[in-house]
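For reference, the chains in residue letters:
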Amino acid sequence: MFPGEQAEDAIVADVANGHGKEAAARGGGAMGVEGGDHRGEEEEQHGGGKFTMKSLLWHGGSVWDAWFSCASNQVAQVLLTLPYSFSQLGMVSGVLLQVFYGLMGSWTAYLISVLYVEYRTRKERQGVSFKNHVIQWFEVLDGLLGPYWKAAGLIFNCTFLLFGTVIQLIACASNIYYINDRLDKRTWTYIFGACCATTVFIPSYHNYRVWSFLGLGMTTYTAWYLTIAAAVHGQVDGVTHSGPKKLVLYFTGATNILYTFGGHAITVEIMHAMWKPQKFKYIYLVATLYVFTLTLPSAAAMYWAFGDQLLNHSNAFSLLPRSRWRDAAVILMLIHQFITFGFACTPLYFVWEKAIGMHDTGSVLLRALARLPVVVPVWFLAIIFPFFGPINSAVGALLVSFTVYIIPALAHMLTYRSPSARLNAAEKPPSFLPSWSGMFVVNAFVVGWVLVVGFGLGGWASVANFVKQIDTFGLFAKCYQCPPRTHAPAGPPLTAPPHH
């Protein structure tokens with residue numbers, strides 16, 4: 001049992017009976033106020049034994065809800081670009097880097113969860129209430145390390161999440177094109193931008209219970225469809241597996257995998273939606289282990305079957321023959337990308353609400369209207385840079401490397417640099433690494449590796465590849481990597497010139 005968890009469990013029971021404040025005092029400063037604006041919802045869950053369909057579908061705050069949120073959000077459209085990364089890296093490097101970055105991502109997610117608990121414990125000892133306020137990563141940095149760290153966290157996190165939502169729109173347009181190519185990808189981006197804007201009506205991660213569950217089911221189906229379809233298809237004639245053969249491609253692929261396991265930029269918001277946030281610590285690791293069962297077989301099977309052809313096909317769907325199974329996978333991924341758009345955009349909604357003074361507004365409609373301006377730049381950027389695949393690597397190198405790897409590791413070292421901070425820490429080092437010195441060494445390794453390999457070499461490679469895409473296809477590309485049209489929308493087959 002984690003430190004303070006017994007006190008926390010007692011507090012939760014008292015909160016349900018209306019005695020949260022007294023229980024917090026008895027608990028010695030452990031987190032007694034449950035999840036800000038979720039207190040009333042938790043009472044509805046646990047108070048009086050009442051059960052409603054709304055509570056089942058809408059009020060998620062359990063460990064399982066957090067696990068589904070982490071696993072569902074971690075492997076969205078990137079599932080379709082990992083075979084492309086394998087063609088750049090080669091099979092051995094592709095597998096090893098997935099395992100390496102998956103474990104590194106789990107470690108820094110753990111650090112973020114520890115810092116959240118530390119920040120919240122300190123604030124609640126001071127009598128601060130988070131009712132109607134969702135704690136975010138930049139606020140944790142501000143409370144523990146000061147305003148400069150707040151600014152760094154705000155800039156990197158918001159920019160990453162902004163481009164994360166852009167990538168979801170690009171992926172939607174790229175996927176639907178393989179079912180219906182009567183419209184070009186840019187037009188589909190307009191359409192899905194309007195559809196994804198409806199996520200403004202989902203108040204917080206507390207309300208993603210059903211969506212998270214469905215989203216993980218959708219990516220599970222898609223991953224195993226890719227695996228089985230590639231195996232059934234077999235290797236194409238004259239298949240070659242020459243990767244890695246260029247440094248720029250190697251580090252581009254490596255950075256895409258860095259991006260794959262950097263989905264914990266929303267860790268703090270997911271924790272805040274939990275009834276017992278202290279139980280989060282190892283959830284991301286368990287989610288990552290499940291994600292390995294999806295990403296490793298699908299990427300390896302696709303690369304085995306198609307080899308170097310993937311170098312020019314960043315979306316894995318493009319190489320598989322059309323069938324009802326592929327169409328089902330495309331549709332499920334479209335729905336999942338809508339969910340992931342909401343996951344990535346919700347922290348941006350919170351930041352915007354706080355900036356304009358609407359964060360504590362009770363009306364869902366008013367908050368939804370206030371959030372709409374956040375969607376506009378996302379929509380616009382997706383139309384300017386529709387480069388499915390290369391944009392993942394660029395975002396991974398320039399933003400993810402700092403947001404979820406370097407900054408959390410540095411913040412943890414600085415927060416616990418003094419003996420008094422270590423002595424009074426709300427969370428002690430984990431059982432598998434019980435030494436503060438050992439944690440410092442691991443954190444220093446993470447910072448050094450990601451700074452040199454992820455940001456340095458990865459940034460050089462991914463930006464070079466991204467510029468190449470712009471030179472080849474131009475900004476506002478109407479139909480990025482579209483195959484030559486071999487039929488018209490109606491009538492007999494005919495041959496048309498390619499889009500580019």
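Predicted, not measured: the structure shown is a model, and the values here were computed from it.

## Focus: the overall build of the protein chain
Reasoning step 1: Each helix and strand counted, the protein chain has 19 helices and zero strands in total.
Reasoning step 2: In the protein chain, which comprises 500 residues, the proportion classed as buried is 59%.
Reasoning step 3: Here the protein chain displays about 19400 Å² of accessible surface, and carbon together with sulfur accounts for 68% of that area.

## Some thoughts on empty space enclosed by the protein
Reasoning step 1: Taken as a whole and judged by the stated rule, the model has seven cavities of 30 Å³ or more.
Reasoning step 2: Counted as a void, the largest cavity has a volume near 200 Å³.
Reasoning step 3: For the largest cavity, the lining is made up of 17 residues, of which Asn73, Phe160, Tyr259, Gly263 and Thr340 are closest to its centre.
Reasoning step 4: Looking at the lining of the largest cavity, the elements that each hand over two or more residues are helix H5 (63-74), helix H9 (147-176), helix H12 (247-260) and helix H15 (324-356).

## Some words on the pattern of salt bridges
If the charged atoms of two oppositely charged side chains come close together, the side chains can form a pair.
Reasoning step 1: All chains considered together, the criterion is met by eight salt bridges.
Reasoning step 2: Among the salt bridges present, the one from arginine 120 reaches glutamate 124, with a minimum N-O distance of 2.9 Å. Taken together, the residues span about one helical turn, with arginine 120 and glutamate 124 both in helix H7 (residues 91-125) at a distance of four residues. Take arginine 120 and glutamate 124: they sit in the same class, and that class is buried.
Reasoning step 3: With a closest N to O distance of 2.9 Å, lysine 281 and glutamate 427 form a salt bridge. You can see lysine 281 sitting in the loop between helix H13 (267-272) and helix H14 (283-306) and its partner glutamate 427 sitting in the loop between helix H18 (419-423) and helix H19 (436-473), a full 146 residues away along the chain.

## Quick look at the nonpolar core
Reasoning step 1: Judged by nonpolar contacts, the single largest core of 140 residues is most densely connected at Val140, Leu226, Phe280, Phe317, Ile391, Val395 and Tyr405.
Reasoning step 2: Among the elements that take part in this core, H14 stands out by supplying 14 residues, more than any other.
Reasoning step 3: When residues no more than four places from it in sequence are discounted, the contact partners of valine 140 are Leu115, Tyr116, Tyr119, Ile135 and Val268.

## Here's the deal with the packing of aromatic side chains
Reasoning step 1: Across all of its chains, the model carries 25 aromatic pairs by this definition.
Reasoning step 2: Consider the rings of phenylalanine 100 and tryptophan 449, whose centres lie 5.1 Å apart with planes at 65 degrees: the pair is edge-to-face. On the criterion of sequence distance, the pair formed by phenylalanine 100 in helix H7 and tryptophan 449 in helix H19 is long-range, its members being 349 residues apart.
Reasoning step 3: Taking the relative accessible area as the measure of exposure, phenylalanine 100 reaches 28% and is therefore partly exposed.
Reasoning step 4: Given a relative accessible area of 28%, tryptophan 449 falls into the partly exposed group.
Reasoning step 5: Where tyrosine 205 meets tyrosine 208, the ring centres are 5.8 Å apart and the plane angle is 35 degrees; that geometry is what we call tilted. In terms of burial, tyrosine 205 and tyrosine 208 fall into one category: buried.
Reasoning step 6: Members of the aromatic cluster, connected to one another through ring pairs, are Trp64, Trp67, Phe68, Phe213 and Tyr290.

## Some words on the environment of leucine 285
Reasoning step 1: In this structure, leucine 285 sits in helix H14.
Reasoning step 2: Note: C-alpha distance between leucine 285 and methionine 104 (181 residues apart in sequence) is 9.6 Å.
Reasoning step 3: Apart from the residues within four sequence positions on either side, leucine 285 is in contact with Leu103 and Ser106.

## Things to note about the side chain of threonine 222
Reasoning step 1: Considering the arrangement of structural elements, one finds threonine 222 in helix H11 (residues 209-233).
Reasoning step 2: The contact partners of threonine 222, leaving out residues within four places of it in the chain, are Leu79, Leu80, Phe317, Ala329 and Met333.

## As for unusual backbone geometry
Reasoning step 1: One non-glycine residue with positive phi stands out, namely asparagine 132, at about 65 degrees.
Reasoning step 2: With respect to the secondary-structure elements, asparagine 132 resides in the loop between H7 and helix H8 (137-145).
Reasoning step 3: A relative accessible area of 36% means that asparagine 132 is categorised as partly exposed.

## Examining the side chain of asparagine 443
Reasoning step 1: Within the secondary structure layout, asparagine 443 lies in helix H19.
Reasoning step 2: A polar side-chain atom of asparagine 443 sits 3.3 Å from a polar atom in the side chain of histidine 412.
Reasoning step 3: Contacts of asparagine 443, omitting those with residues within four sequence positions, involve Trp107, Leu111, Ala409, His412 and Met413.

## Details of a nonpolar patch on the surface
Reasoning step 1: Together, Leu247, Leu398, Leu451, Val452, Phe455, Leu457, Trp460, Val463 and Val467 make up an exposed nonpolar region whose accessible area comes to about 760 Å².
Reasoning step 2: It is H19 that contributes the most residues to the nonpolar patch, seven residues altogether.
Reasoning step 3: Considering the arrangement of structural elements, one finds phenylalanine 455 in helix H19.

## Focus on H8
Reasoning step 1: Taken residue by residue, H8 has Trp137, Phe138, Glu139, Val140, Leu141 and Leu144 as its buried positions.
Reasoning step 2: Phi turns positive one or two residues past the end of H8, at glycine 146, with a value near 110 degrees.

## Some remarks on the packing of H11 against H14
Reasoning step 1: Axis separation between H11 and H14 bottoms out at 8 Å; the angle between their running directions is 25 degrees. When the axis of H11 is compared with that of H14, the two are roughly parallel. Viewed along their axes, H11 and H14 form a crossing whose handedness is left-handed. Contact residues: Leu216, Thr219, Thr220, Ala223, Trp224, Leu226, Thr227, Ala230, Ala231 and His233 in H11; Tyr290, Thr293, Leu294, Pro297, Ser298, Ala301, Met302, Trp304, Ala305 and Phe306 in H14.

## Looking at the confidence of the model for the protein chain
Reasoning step 1: On average, the protein chain scores 81 in pLDDT, and the residues at 70 or more come to 81%.
Reasoning step 2: For residues 1-49, every residue scores under 50 in pLDDT, and the model assigns this stretch 96 contacts once sequence neighbours within four places are set aside.
Reasoning step 3: For residues 486-500, every residue scores under 50 in pLDDT, and the model assigns this stretch 19 contacts once sequence neighbours within four places are set aside.

## As for the environment of serine 363
Reasoning step 1: In this fold, serine 363 is placed in the loop between H15 and helix H16 (364-384).
Reasoning step 2: Of note is the side chain of serine 363, whose polar atom sits 3.2 Å from the backbone nitrogen of leucine 366.

## Focus on the environment of isoleucine 407
Reasoning step 1: Along the chain, isoleucine 407 falls in helix H17 (residues 390-415).
Reasoning step 2: For isoleucine 407, a relative accessible area of 6% corresponds to the buried category.
Reasoning step 3: Separated by 266 residues in the primary sequence, isoleucine 407 and leucine 141 place their C-alpha atoms 9.4 Å from one another.

Rules used throughout
Residues numbered from 1 in each chain as written. Predicted model: local features only at pLDDT ≥ 70, side-chain atom pairs only at ≥ 80, totals over all residues. Heavy atoms only, no water. Helix = DSSP H or I, 4+ residues; strand = E, 2+ residues; numbered from the N terminus. Buried < 20%, exposed > 50% of the residue type's maximum accessible area, 1.4 Å probe, protein only. Areas by Shrake-Rupley, 256 points an atom, 1.4 Å probe, with all protein chains shown as cover. 1 Å grid on protein atoms, 1.4 Å probe; cavity = no way out; pocket = protein on both sides within 12 Å on 5 of 7 lines; lining within 4 Å. Points joined across faces, edges and corners; volume = space filled by probe spheres on them. Salt bridge = Lys/Arg side-chain N within 4 Å of Asp/Glu carboxyl O. Core = buried A, V, L, I, M, F, W, Y, C linked by side-chain atoms within 4.5 Å. Contact = heavy atoms within 4.5 Å. Phe/Tyr/Trp six-rings, centres within 6.5 Å; stacked < 30°, edge-to-face > 60°. Polar contact = N/O pair within 3.5 Å; in protein donor to acceptor, adjacent residues only side chain to side chain. Patch = residues over 30% accessible without salt bridge, like charges linked within 9 Å, V, L, I, M, F, W, Y side chains within 5 Å. Axes fitted to C-alpha atoms, helices over the stretch in contact; angles between N-to-C directions. Parallel < 35°, antiparallel > 145°, perpendicular 65-115°, else oblique. Left-handed = near helix turned anticlockwise from the far one by under 90°. pLDDT = per-residue confidence, 0-100.

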